[in-house]
Amino acid sequence: DITDALFHHAVDQSAIAISITDAAATILYVNKAFCAITGYAAEEVVGQNQSLLSYRSTPKPVYQALWAALNEGRPWTGRLLNRRKDGLPYVAELTVTPLAPQNGGQTHYLGMHWDATDEH
Ligand code: FAD
């Protein structure tokens, strides 16, 4: 039986960048790897939109595909060009999973990404 404290510790210590957002992609929680990969402290990004990470060069259809999947309650995986706090670009291999309550309607999303720049 896993305790809540151990579960929280596992998420916080994960090598994958993890964020939890509301339905509008406003960040509610980020783990340590998210801070390490993006260069932002948690208090700098909580309350901001995930689009804060966009390098503004990923083609719009990529984001439209992401949101089309999410609005149908499906997870989405793809690569985006992200911008670190220091301005450096990196390739984010991202999976976003809808965290829907049983009675429908998206309320929260789980984002998980890692830096795939070296593979690009
Ligand atoms: P936006 O106006 O946000 O979106 C561009 C297009 O996407 C719009 O034209 C519209 O068609 C569609 N769209 C946007 N929001 C919605 C919505 N709520 N419902 C339906 N369609 C919509 N983006 C990154 O660049 N990097 C990330 O690492 C990243 N991680 C994310 C993690 C999570 C958990 C979630 C939920 C989203 C993440 N996003 C990420 C997507 C981000 O929220 C923005 O949609 C994206 O960055 C584009 O932002 P924008 O301001 O350029 O355009």
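Being a predicted model, the structure only gives us computed values, none of them experimental. (Residues numbered from 1 in each chain as written. Predicted model: local features only at pLDDT ≥ 70, side-chain atom pairs only at ≥ 80, totals over all residues. Heavy atoms only, no water.)

Participant: Please give an account of the layout of surface pockets that cites residues and values.
Facilitator: Taken as a whole, the largest pocket holds about 430 Å³ of empty space. Forming the boundary of the largest pocket are 23 residues, of which Gln50, Ser51, Leu66, Leu80 and Leu94 lie nearest the centre. At the level of elements, strand E1 (17-22), helix H4 (60-71), strand E3 (76-83), strand E4 (89-99) and strand E5 (108-115) are the ones that each hand at least two residues to the lining of the largest pocket. Of the residues that constitute the lining of the largest pocket, the class distribution is 13 nonpolar, nine polar and one charged. (1 Å grid on protein atoms, 1.4 Å probe; cavity = no way out; pocket = protein on both sides within 12 Å on 5 of 7 lines; lining within 4 Å. Points joined across faces, edges and corners; volume = space filled by probe spheres on them. Helix = DSSP H or I, 4+ residues; strand = E, 2+ residues; numbered from the N terminus. Nonpolar A, V, L, I, M, F, W, Y, C, P; charged D, E, K, R; others polar.)

Participant: Go over the sheet that holds E1, please, and point to the residues and values.
Facilitator: The strand order across the open sheet built from five strands is E2-E1-E5-E4-E3, with neighbouring strands paired in antiparallel fashion. Across the chains shown, the open sheet's two edge strands, defined by having one partner strand only, are strand E2 (27-30) and E3. In this sheet, neighbouring strand axes are inclined to one another by 30 degrees on average, regardless of whether the strands run parallel or antiparallel. Set on the sheet, H4 makes contact with E3, E4 and E5; between it and E3 the angle comes to about 140 degrees. (Pairing = 2+ DSSP bridges. Axes fitted to C-alpha atoms, helices over the stretch in contact; angles between N-to-C directions. Contact = heavy atoms within 4.5 Å.)

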